[in-house]
Amino acid sequence: MKLTGIELRRVRMPLVAPFRTSFGTATERDVLLVRAVTGEAEGWGECVAMTDPLYSSEYVEAAADVMRRYLVPALADRPPADAVAVAPALRPFKGHRMAKAALETAILDAELRETGRTFARELGATRDRVPCGVSVGITDSVPELLDTVGGYLAEGYVRIKLKIEPGWDVAPVRAVRERYGDDVLLQVDANTAYTVGDASLLAALDPFGLLLIEQPLDEEDILGHVELSRRVRTPICLDESIVSARAAADAIRLGACSIINVKPGRVGGYLESRRIHDVCVANGVPVWCGGMLETGVGRAANVALAALPGFTLPGDTSASDRYFRTDLTEPFVLEDGHLPVPDGPGIGVAPRPEILAEVTTATEWLPLA
Ligand code: NPQ
Ligand code: MG
(Lines give C-alpha, C1' and ligand atoms only; values in the text may rest on other atoms or scores of the structure.)
(Ligands and ions follow the chains in the order given, each with its own letter.)
Protein backbone atom coordinates (compact mmCIF):
# COMPACT_ATOMS: atom_id res chain seq x y z
CA MET A 1 0.00 0.00 0.00
CA LYS A 2 1.38 3.38 -1.01
CA LEU A 3 -0.40 6.43 0.38
CA THR A 4 -0.35 9.47 -1.87
CA GLY A 5 -2.38 11.83 0.29
CA ILE A 6 -5.13 12.51 2.77
CA GLU A 7 -8.15 14.66 2.07
CA LEU A 8 -10.02 16.31 4.95
CA ARG A 9 -13.59 17.13 4.13
CA ARG A 10 -15.96 18.99 6.43
CA VAL A 11 -19.65 18.28 5.89
CA ARG A 12 -22.79 19.69 7.50
CA MET A 13 -25.68 17.27 7.97
CA PRO A 14 -28.98 18.55 9.39
CA LEU A 15 -30.59 16.18 11.92
CA VAL A 16 -34.21 15.09 11.41
CA ALA A 17 -34.96 16.34 14.95
CA PRO A 18 -32.97 18.02 17.72
CA PHE A 19 -31.13 15.50 19.91
CA ARG A 20 -30.93 16.54 23.58
CA THR A 21 -28.58 14.95 26.09
CA SER A 22 -27.41 15.97 29.55
CA PHE A 23 -24.61 18.00 27.89
CA GLY A 24 -26.61 19.90 25.29
CA THR A 25 -28.84 19.85 22.23
CA ALA A 26 -27.62 19.09 18.72
CA THR A 27 -29.59 20.18 15.64
CA GLU A 28 -27.02 19.26 13.02
CA ARG A 29 -23.99 17.03 12.67
CA ASP A 30 -20.75 18.76 11.77
CA VAL A 31 -18.66 15.88 10.42
CA LEU A 32 -15.00 15.66 9.48
CA LEU A 33 -14.47 12.99 6.83
CA VAL A 34 -11.05 11.61 5.99
CA ARG A 35 -10.28 10.21 2.53
CA ALA A 36 -7.07 8.23 2.23
CA VAL A 37 -5.78 7.94 -1.32
CA THR A 38 -3.33 5.21 -2.38
CA GLY A 39 -1.99 4.27 -5.79
CA GLU A 40 -4.84 1.80 -6.30
CA ALA A 41 -7.74 2.75 -4.06
CA GLU A 42 -9.28 5.31 -1.76
CA GLY A 43 -10.68 4.73 1.70
CA TRP A 44 -12.98 6.64 4.02
CA GLY A 45 -13.00 7.37 7.73
CA GLU A 46 -15.42 9.48 9.75
CA CYS A 47 -14.15 11.53 12.67
CA VAL A 48 -16.79 11.39 15.41
CA ALA A 49 -15.66 14.51 17.29
CA MET A 50 -18.47 16.99 17.91
CA THR A 51 -18.35 20.69 17.00
CA ASP A 52 -17.79 21.53 20.67
CA PRO A 53 -15.88 19.61 23.39
CA LEU A 54 -19.00 18.56 25.34
CA TYR A 55 -18.98 14.75 25.07
CA SER A 56 -15.19 14.57 25.47
CA SER A 57 -12.27 16.97 25.14
CA GLU A 58 -12.07 16.49 21.37
CA TYR A 59 -13.81 18.78 18.87
CA VAL A 60 -13.86 19.05 15.10
CA GLU A 61 -11.47 21.99 14.65
CA ALA A 62 -8.95 20.39 17.00
CA ALA A 63 -9.17 17.09 15.14
CA ALA A 64 -8.53 18.80 11.80
CA ASP A 65 -5.70 20.82 13.34
CA VAL A 66 -3.91 17.85 14.92
CA MET A 67 -4.25 15.86 11.70
CA ARG A 68 -2.73 18.56 9.50
CA ARG A 69 -0.14 19.74 12.00
CA TYR A 70 1.08 16.43 13.50
CA LEU A 71 -0.59 13.19 12.45
CA VAL A 72 -0.43 13.40 8.66
CA PRO A 73 3.15 14.79 8.69
CA ALA A 74 4.16 11.83 10.92
CA LEU A 75 2.75 9.44 8.33
CA ALA A 76 4.61 11.35 5.60
CA ASP A 77 7.90 10.95 7.52
CA ARG A 78 7.38 7.25 8.16
CA PRO A 79 4.96 5.94 5.52
CA PRO A 80 2.98 3.06 7.08
CA ALA A 81 3.24 -0.25 5.23
CA ASP A 82 -0.36 -1.01 6.21
CA ALA A 83 -3.13 0.17 8.56
CA VAL A 84 -1.68 -1.79 11.49
CA ALA A 85 1.39 0.47 11.33
CA VAL A 86 -0.66 3.67 11.67
CA ALA A 87 -1.30 3.65 15.45
CA PRO A 88 2.39 3.03 16.32
CA ALA A 89 3.41 5.90 14.00
CA LEU A 90 0.95 8.25 15.75
CA ARG A 91 1.73 7.09 19.30
CA PRO A 92 4.16 9.96 20.15
CA PHE A 93 1.21 12.37 20.03
CA LYS A 94 -0.93 12.17 23.17
CA GLY A 95 -4.68 11.79 23.08
CA HIS A 96 -6.70 12.90 20.02
CA ARG A 97 -8.07 9.41 19.65
CA MET A 98 -11.01 10.43 17.48
CA ALA A 99 -8.64 12.07 15.01
CA LYS A 100 -6.31 9.04 15.03
CA ALA A 101 -9.25 6.65 14.61
CA ALA A 102 -10.54 8.48 11.54
CA LEU A 103 -7.11 8.39 9.88
CA GLU A 104 -6.54 4.72 10.70
CA THR A 105 -10.01 3.79 9.47
CA ALA A 106 -9.59 5.59 6.14
CA ILE A 107 -6.23 3.89 5.60
CA LEU A 108 -7.60 0.48 6.63
CA ASP A 109 -10.53 0.94 4.26
CA ALA A 110 -8.15 1.79 1.40
CA GLU A 111 -5.92 -1.19 2.19
CA LEU A 112 -8.87 -3.62 2.31
CA ARG A 113 -10.34 -2.24 -0.92
CA GLU A 114 -7.00 -2.75 -2.68
CA THR A 115 -7.20 -6.45 -1.88
CA GLY A 116 -10.97 -6.96 -1.95
CA ARG A 117 -11.27 -7.81 1.74
CA THR A 118 -14.21 -6.73 3.91
CA PHE A 119 -14.01 -4.78 7.15
CA ALA A 120 -16.28 -7.32 8.87
CA ARG A 121 -14.16 -10.31 7.96
CA GLU A 122 -10.93 -8.49 8.80
CA LEU A 123 -12.22 -7.65 12.30
CA GLY A 124 -13.55 -11.15 12.93
CA ALA A 125 -17.29 -10.68 12.48
CA THR A 126 -19.36 -13.84 12.80
CA ARG A 127 -22.81 -12.56 11.79
CA ASP A 128 -24.27 -10.98 8.64
CA ARG A 129 -26.74 -8.71 10.42
CA VAL A 130 -26.89 -7.01 13.82
CA PRO A 131 -29.80 -6.17 16.13
CA CYS A 132 -30.29 -2.45 16.61
CA GLY A 133 -31.25 -0.21 19.46
CA VAL A 134 -32.04 3.48 19.39
CA SER A 135 -30.97 6.34 21.63
CA VAL A 136 -33.85 8.64 22.60
CA GLY A 137 -33.08 12.21 23.60
CA ILE A 138 -34.51 14.15 26.51
CA THR A 139 -37.86 15.68 25.54
CA ASP A 140 -39.90 18.60 26.88
CA SER A 141 -42.56 16.32 28.37
CA VAL A 142 -43.29 12.68 29.21
CA PRO A 143 -46.16 12.41 26.67
CA GLU A 144 -43.79 13.59 23.93
CA LEU A 145 -41.24 10.97 25.05
CA LEU A 146 -43.87 8.22 24.97
CA ASP A 147 -44.87 9.18 21.42
CA THR A 148 -41.24 9.11 20.31
CA VAL A 149 -40.54 5.76 21.96
CA GLY A 150 -43.75 4.32 20.50
CA GLY A 151 -42.66 5.37 17.02
CA TYR A 152 -39.29 3.63 17.37
CA LEU A 153 -40.88 0.46 18.73
CA ALA A 154 -43.26 0.47 15.77
CA GLU A 155 -40.26 0.75 13.43
CA GLY A 156 -38.87 -2.41 15.00
CA TYR A 157 -35.99 -1.23 17.18
CA VAL A 158 -35.20 -4.04 19.59
CA ARG A 159 -33.89 -1.87 22.42
CA ILE A 160 -34.61 1.62 23.73
CA LYS A 161 -32.04 3.84 25.44
CA LEU A 162 -33.32 6.89 27.26
CA LYS A 163 -31.01 9.82 27.82
CA ILE A 164 -31.29 10.93 31.45
CA GLU A 165 -30.14 13.78 33.69
CA PRO A 166 -31.05 14.89 37.23
CA GLY A 167 -34.77 15.73 37.11
CA TRP A 168 -35.36 13.48 34.05
CA ASP A 169 -34.71 9.92 35.20
CA VAL A 170 -37.17 7.91 37.31
CA ALA A 171 -40.31 9.56 35.88
CA PRO A 172 -39.57 8.91 32.18
CA VAL A 173 -38.38 5.36 32.93
CA ARG A 174 -41.53 4.62 34.93
CA ALA A 175 -43.73 6.12 32.18
CA VAL A 176 -42.09 4.01 29.44
CA ARG A 177 -42.45 0.85 31.54
CA GLU A 178 -46.11 1.60 32.36
CA ARG A 179 -46.98 2.33 28.74
CA TYR A 180 -44.90 -0.27 26.87
CA GLY A 181 -44.45 -3.01 29.45
CA ASP A 182 -41.64 -4.94 31.09
CA ASP A 183 -40.60 -6.87 27.96
CA VAL A 184 -39.07 -3.85 26.20
CA LEU A 185 -35.28 -3.95 26.44
CA LEU A 186 -34.64 -0.63 28.15
CA GLN A 187 -31.53 1.17 29.35
CA VAL A 188 -30.47 4.72 30.29
CA ASP A 189 -27.48 6.96 29.56
CA ALA A 190 -26.52 9.88 31.84
CA ASN A 191 -23.41 11.12 29.98
CA THR A 192 -21.70 11.85 33.35
CA ALA A 193 -24.53 13.99 34.77
CA TYR A 194 -24.59 12.49 38.31
CA THR A 195 -22.26 12.23 41.30
CA VAL A 196 -21.74 9.31 43.65
CA GLY A 197 -23.92 11.23 46.13
CA ASP A 198 -26.83 10.42 43.80
CA ALA A 199 -26.47 6.67 44.50
CA SER A 200 -29.84 6.32 46.21
CA LEU A 201 -31.54 8.29 43.45
CA LEU A 202 -30.02 5.95 40.84
CA ALA A 203 -30.95 2.92 42.96
CA ALA A 204 -34.56 4.09 42.55
CA LEU A 205 -34.22 2.87 38.94
CA ASP A 206 -33.62 -0.72 40.16
CA PRO A 207 -37.30 -1.78 40.22
CA PHE A 208 -37.65 -1.07 36.49
CA GLY A 209 -35.46 -3.92 35.27
CA LEU A 210 -33.13 -1.85 33.13
CA LEU A 211 -30.38 -3.58 31.13
CA LEU A 212 -27.85 -1.04 32.35
CA ILE A 213 -27.09 2.51 33.47
CA GLU A 214 -24.52 4.05 31.11
CA GLN A 215 -21.83 6.45 32.35
CA PRO A 216 -23.61 7.94 35.36
CA LEU A 217 -20.52 9.69 36.76
CA ASP A 218 -17.59 11.77 35.53
CA GLU A 219 -15.31 10.00 33.05
CA GLU A 220 -12.38 10.07 35.50
CA ASP A 221 -14.42 8.90 38.50
CA ILE A 222 -13.56 5.20 38.30
CA LEU A 223 -13.72 4.64 42.06
CA GLY A 224 -17.05 6.47 42.17
CA HIS A 225 -18.37 3.91 39.68
CA VAL A 226 -16.97 1.10 41.85
CA GLU A 227 -18.85 2.50 44.84
CA LEU A 228 -22.02 3.05 42.79
CA SER A 229 -21.86 -0.52 41.45
CA ARG A 230 -22.10 -1.72 45.04
CA ARG A 231 -25.07 0.49 45.85
CA VAL A 232 -27.14 -0.01 42.71
CA ARG A 233 -28.42 -3.37 41.44
CA THR A 234 -28.77 -2.29 37.81
CA PRO A 235 -25.53 -3.09 35.92
CA ILE A 236 -23.23 -0.12 35.39
CA CYS A 237 -21.91 0.34 31.83
CA LEU A 238 -19.05 2.70 30.99
CA ASP A 239 -18.80 4.79 27.83
CA GLU A 240 -16.75 8.01 28.23
CA SER A 241 -14.36 6.41 30.77
CA ILE A 242 -13.24 3.63 28.43
CA VAL A 243 -10.58 5.24 26.22
CA SER A 244 -8.42 2.16 25.57
CA ALA A 245 -8.16 -1.60 26.06
CA ARG A 246 -6.07 -0.88 29.16
CA ALA A 247 -8.76 1.40 30.60
CA ALA A 248 -11.32 -1.34 29.89
CA ALA A 249 -9.23 -4.03 31.61
CA ASP A 250 -8.65 -1.75 34.64
CA ALA A 251 -12.31 -0.76 34.96
CA ILE A 252 -13.37 -4.41 34.84
CA ARG A 253 -10.72 -5.49 37.36
CA LEU A 254 -11.70 -2.70 39.76
CA GLY A 255 -15.40 -3.50 39.49
CA ALA A 256 -16.30 -0.10 38.04
CA CYS A 257 -18.56 -1.64 35.42
CA SER A 258 -19.99 -4.98 34.32
CA ILE A 259 -20.81 -3.95 30.73
CA ILE A 260 -18.83 -1.87 28.22
CA ASN A 261 -19.90 0.42 25.39
CA VAL A 262 -17.30 0.46 22.58
CA LYS A 263 -17.04 3.51 20.34
CA PRO A 264 -14.17 3.22 17.90
CA GLY A 265 -13.57 6.98 17.79
CA ARG A 266 -13.32 7.26 21.57
CA VAL A 267 -10.70 4.49 21.80
CA GLY A 268 -8.53 5.41 18.79
CA GLY A 269 -9.88 3.05 16.14
CA TYR A 270 -11.33 -0.30 15.13
CA LEU A 271 -8.16 -2.25 15.91
CA GLU A 272 -8.18 -1.00 19.52
CA SER A 273 -11.95 -1.66 19.58
CA ARG A 274 -11.28 -5.28 18.71
CA ARG A 275 -8.78 -5.49 21.58
CA ILE A 276 -11.46 -4.15 23.95
CA HIS A 277 -13.87 -6.73 22.59
CA ASP A 278 -11.28 -9.42 23.32
CA VAL A 279 -10.65 -8.13 26.87
CA CYS A 280 -14.40 -8.17 27.51
CA VAL A 281 -14.88 -11.67 26.12
CA ALA A 282 -11.98 -12.94 28.26
CA ASN A 283 -13.66 -11.44 31.34
CA GLY A 284 -17.22 -12.47 30.51
CA VAL A 285 -18.24 -8.82 30.20
CA PRO A 286 -20.97 -8.04 27.63
CA VAL A 287 -20.00 -5.39 25.10
CA TRP A 288 -22.04 -3.34 22.66
CA CYS A 289 -21.34 -0.79 19.96
CA GLY A 290 -22.18 2.82 20.76
CA GLY A 291 -22.92 5.58 18.30
CA MET A 292 -21.95 9.18 17.69
CA LEU A 293 -24.64 10.13 15.15
CA GLU A 294 -22.46 8.82 12.36
CA THR A 295 -23.26 9.15 8.68
CA GLY A 296 -23.33 5.96 6.62
CA VAL A 297 -19.53 6.03 6.46
CA GLY A 298 -19.03 5.60 10.21
CA ARG A 299 -22.18 3.51 10.58
CA ALA A 300 -20.97 0.91 8.06
CA ALA A 301 -17.78 0.28 10.02
CA ASN A 302 -19.68 0.22 13.33
CA VAL A 303 -22.11 -2.38 12.02
CA ALA A 304 -19.17 -4.57 10.98
CA LEU A 305 -17.66 -4.26 14.47
CA ALA A 306 -21.00 -4.99 16.11
CA ALA A 307 -21.07 -8.32 14.24
CA LEU A 308 -18.19 -9.69 16.36
CA PRO A 309 -19.26 -12.53 18.69
CA GLY A 310 -18.75 -10.65 21.98
CA PHE A 311 -21.24 -7.93 21.00
CA THR A 312 -24.10 -9.62 22.83
CA LEU A 313 -26.26 -6.53 23.45
CA PRO A 314 -27.98 -4.44 20.75
CA GLY A 315 -26.00 -1.32 19.83
CA ASP A 316 -26.81 2.31 19.08
CA THR A 317 -26.25 1.44 15.42
CA SER A 318 -29.60 2.83 14.32
CA ALA A 319 -30.87 3.18 10.75
CA SER A 320 -29.84 6.23 8.71
CA ASP A 321 -33.29 7.82 9.00
CA ARG A 322 -33.01 7.95 12.80
CA TYR A 323 -30.71 10.92 12.26
CA PHE A 324 -30.71 12.06 8.62
CA ARG A 325 -33.31 12.61 5.94
CA THR A 326 -30.60 11.99 3.35
CA ASP A 327 -27.54 10.00 4.37
CA LEU A 328 -24.18 10.47 2.64
CA THR A 329 -24.11 6.84 1.56
CA GLU A 330 -26.86 4.51 0.45
CA PRO A 331 -29.07 4.54 3.54
CA PHE A 332 -28.98 1.82 6.19
CA VAL A 333 -32.56 0.56 6.52
CA LEU A 334 -33.89 -1.38 9.49
CA GLU A 335 -35.12 -4.88 8.59
CA ASP A 336 -36.90 -6.71 11.37
CA GLY A 337 -34.96 -4.68 13.93
CA HIS A 338 -31.61 -5.44 12.32
CA LEU A 339 -29.12 -3.81 9.98
CA PRO A 340 -27.23 -5.84 7.38
CA VAL A 341 -23.44 -6.02 7.71
CA PRO A 342 -21.98 -4.53 4.51
CA ASP A 343 -20.37 -7.23 2.34
CA GLY A 344 -18.48 -5.09 -0.17
CA PRO A 345 -14.70 -4.46 -0.02
CA GLY A 346 -13.49 -2.28 2.87
CA ILE A 347 -16.31 -0.65 4.81
CA GLY A 348 -18.54 -1.60 1.89
CA VAL A 349 -20.05 1.83 1.29
CA ALA A 350 -18.87 5.25 0.09
CA PRO A 351 -20.36 8.74 0.02
CA ARG A 352 -22.61 9.40 -2.97
CA PRO A 353 -20.74 12.11 -4.95
CA GLU A 354 -23.70 14.41 -5.62
CA ILE A 355 -24.84 14.31 -1.99
CA LEU A 356 -21.31 14.75 -0.72
CA ALA A 357 -20.88 17.81 -2.94
CA GLU A 358 -24.11 19.34 -1.60
CA VAL A 359 -23.20 19.06 2.08
CA THR A 360 -19.46 19.78 1.90
CA THR A 361 -18.42 23.07 3.52
CA ALA A 362 -14.62 22.76 3.12
CA THR A 363 -11.99 20.45 1.68
CA GLU A 364 -8.26 20.31 2.17
CA TRP A 365 -5.67 18.09 0.45
CA LEU A 366 -2.64 16.96 2.47
CA PRO A 367 -0.07 15.35 0.16
CA LEU A 368 1.96 12.43 1.49
CA ALA A 369 4.32 11.78 -1.35
C1 NPQ B 1 -23.58 8.43 23.85
N2 NPQ B 1 -24.55 8.90 21.61
O3 NPQ B 1 -23.77 7.24 23.81
C4 NPQ B 1 -23.71 9.34 22.61
C5 NPQ B 1 -23.43 10.71 22.86
C6 NPQ B 1 -23.70 11.75 21.86
C7 NPQ B 1 -26.30 7.92 20.29
O8 NPQ B 1 -26.56 8.47 22.53
C9 NPQ B 1 -23.62 15.15 18.18
C10 NPQ B 1 -22.55 14.32 17.97
C11 NPQ B 1 -24.45 14.92 19.23
C12 NPQ B 1 -22.29 13.27 18.83
C13 NPQ B 1 -25.04 13.61 21.18
C14 NPQ B 1 -25.83 8.45 21.59
C15 NPQ B 1 -24.21 13.86 20.10
C16 NPQ B 1 -23.11 13.02 19.90
C17 NPQ B 1 -24.77 12.54 22.03
C18 NPQ B 1 -22.88 11.97 20.79
O19 NPQ B 1 -23.21 8.91 24.89
MG1 MG C 1 -23.11 7.11 26.11
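Residues numbered from 1 in each chain as written. Chains lettered and ligands numbered in written order. Predicted model: local features only at pLDDT ≥ 70, side-chain atom pairs only at ≥ 80, totals over all residues. Heavy atoms only, no water.

Caption draft 1: How the structure looks around the site of ligand 1. As a matter of local geometry, ligand 1 sits amid 20 residues, with Ser-135, Lys-163, Asn-191, Lys-263 and Gly-291 nearest to it. Here an oxygen atom of ligand 1 and a side-chain polar atom of Glu-214 are 3.4 Å apart. Gly-291 places a main-chain nitrogen or oxygen 2.9 Å from a nitrogen atom of ligand 1. Expressed as a share of its isolated accessible area of 440 Å², the protein-covered part of ligand 1 is 98%. Elements with a contribution of two residues or more to the shell around ligand 1: β1 (3–21), β2 (24–38) and β6 (159–163). Residues that form the shell around ligand 1 fall into these classes: 8 nonpolar, 4 polar and 8 charged. If you count residues domain by domain, the shell around ligand 1 takes at least three from each of domain 1 (3–116 + 349–367) and domain 2 (121–340). (Near = heavy atom within 4 Å. Polar contact = N/O pair within 3.5 Å; in protein donor to acceptor, adjacent residues only side chain to side chain. Areas by Shrake-Rupley, 256 points an atom, 1.4 Å probe, with all protein chains shown as cover. Helix = DSSP H or I, 4+ residues; strand = E, 2+ residues; numbered from the N terminus. Nonpolar A, V, L, I, M, F, W, Y, C, P; charged D, E, K, R; others polar. Domains from an automatic or database assignment.)

Caption draft 2: Expanded view of the side chain of His-277. In this fold, His-277 is placed in helix α11 (residues 270–283). Judged by relative accessible area, His-277 falls into the buried class, the value being 5%. Filtering out sequence-adjacent residues up to four positions away, His-277 remains in contact with Val-287, Leu-308, Pro-309, Gly-310 and Phe-311. (Buried < 20%, exposed > 50% of the residue type's maximum accessible area, 1.4 Å probe, protein only. Contact = heavy atoms within 4.5 Å.)

Caption draft 3: Representation of the pairing of β2 in the model. The element β2 is extensively covered by neighbouring structure, given that 11 of its 15 residues are classed as buried. Strand direction decides the pairing type here: β1 and β2, joined by 14 bridges, are antiparallel. Paired with Arg-9 across the strands is Leu-33, a residue of β2. Turn length for the β1-β2 hairpin, with the two strands adjacent in sequence and antiparallel, is 2 residues. For β2 and strand β3 (residues 42–47), the ladder comprises 6 bridges, and the chain directions are antiparallel. Bridged to Leu-33 within β3 is Glu-46. Where β2 hands over to β3, the hairpin turn is made up of 3 residues, counted between the paired strands. (Pairing = 2+ DSSP bridges.)

Caption draft 4: Focus on the pattern of salt bridges. Under the definition given, this model contains 24 salt bridges. For Arg-35, the salt bridge identified is with Glu-42, shortest N-O distance 2.5 Å. Taking the shortest distance from any N to any O, the salt bridge between Glu-214 and Lys-161 comes out at 3.0 Å. Of this pair, Glu-214 sits in strand β8 (residues 213–214) while Lys-161 sits in strand β6; the two residues are 53 residues apart in sequence, bridging distant segments of the chain. Overall, Glu-214 belongs to the buried group, its relative accessible area being 0%. Each member of the salt-bridge network shares a partner with another, and the members are Arg-159, Lys-161, Lys-163, Asp-189, Glu-214 and Asp-316. (Salt bridge = Lys/Arg side-chain N within 4 Å of Asp/Glu carboxyl O.)

Caption draft 5: Molecular detail of the coordination of the magnesium ion (ligand 2). Distances from the magnesium ion (ligand 2) to its protein donors, Asp-189 (OD), Glu-214 (OE) and Asp-239 (OD), fall within 2.0 to 2.3 Å. We note that the donor set of the magnesium ion (ligand 2) lies within a single chain, spaced as D-x24-E-x24-D. Taken together, the residues span a long stretch of sequence, with Asp-189 in strand β7 (residues 186–189) and Asp-239 in the loop between β9 (236–238) and α9 (245–254) at a distance of 50 residues. Each of the two residues, Asp-189 as well as Asp-239, counts as buried. (Donors = N, O, S within 2.8 Å, 3.2 Å for Na, K, Ca; no water.)

Caption draft 6: Focus on the nonpolar core. Residues Met-67, Leu-162 and Ile-260 are the most contacted members of the largest nonpolar core, which totals 122 residues. Residue contributions to this core peak at 9 residues, all from helix α1 (residues 60–77). Both of domain 1 (3–116 + 349–367) and domain 2 (121–340) provide at least three residues apiece to this core. Other than its neighbours up to four places away in sequence, Ile-260 contacts Cys-237, Leu-238, Ile-242, Ala-248, Ile-252, Ile-276, Cys-280, Val-285, Pro-286, Val-287 and Trp-288. (Core = buried A, V, L, I, M, F, W, Y, C linked by side-chain atoms within 4.5 Å.)

Caption draft 7: Broad picture of the sheet that holds strand β13 (residues 360–367). Strand order in the open sheet formed by 4 strands is β3-β2-β1-β13, and the pairing between neighbours is antiparallel. Among the strands making up the open sheet, the edge pair consists of β3 and β13. Pairwise comparison of adjacent strand axes, ignoring direction, gives a mean angle of 25 degrees for this sheet. Running over the sheet, α1 touches β1, β2, β3 and β13 and is turned about 20 degrees from β2. (Axes fitted to C-alpha atoms, helices over the stretch in contact; angles between N-to-C directions.)

Caption draft 8: Representation of α1 in the model. Under the 1.5 Å per step criterion, the end-to-end length of α1 is 24 Å for 18 residues, consistent within 8% with the ideal 26 Å. If you look at α1, its biggest bend is around 50 degrees, right at Met-67. The complete set of buried residues in α1 reads Val-60, Ala-62, Ala-63, Ala-64, Val-66, Met-67, Leu-71, Val-72, Ala-74 and Leu-75. (Expected span 1.5 Å × (residues − 1). Bend = angle between axes of the 7 residues up to and from the residue.)

Caption draft 9: Quick look at the environment of Val-66. Among the secondary structure elements, Val-66 is positioned in helix α1. What makes Val-66 buried here is its relative accessible area of 7%. Dropping the residues within four chain positions of it, Val-66 is found in contact with Leu-71, His-96 and Ala-99.

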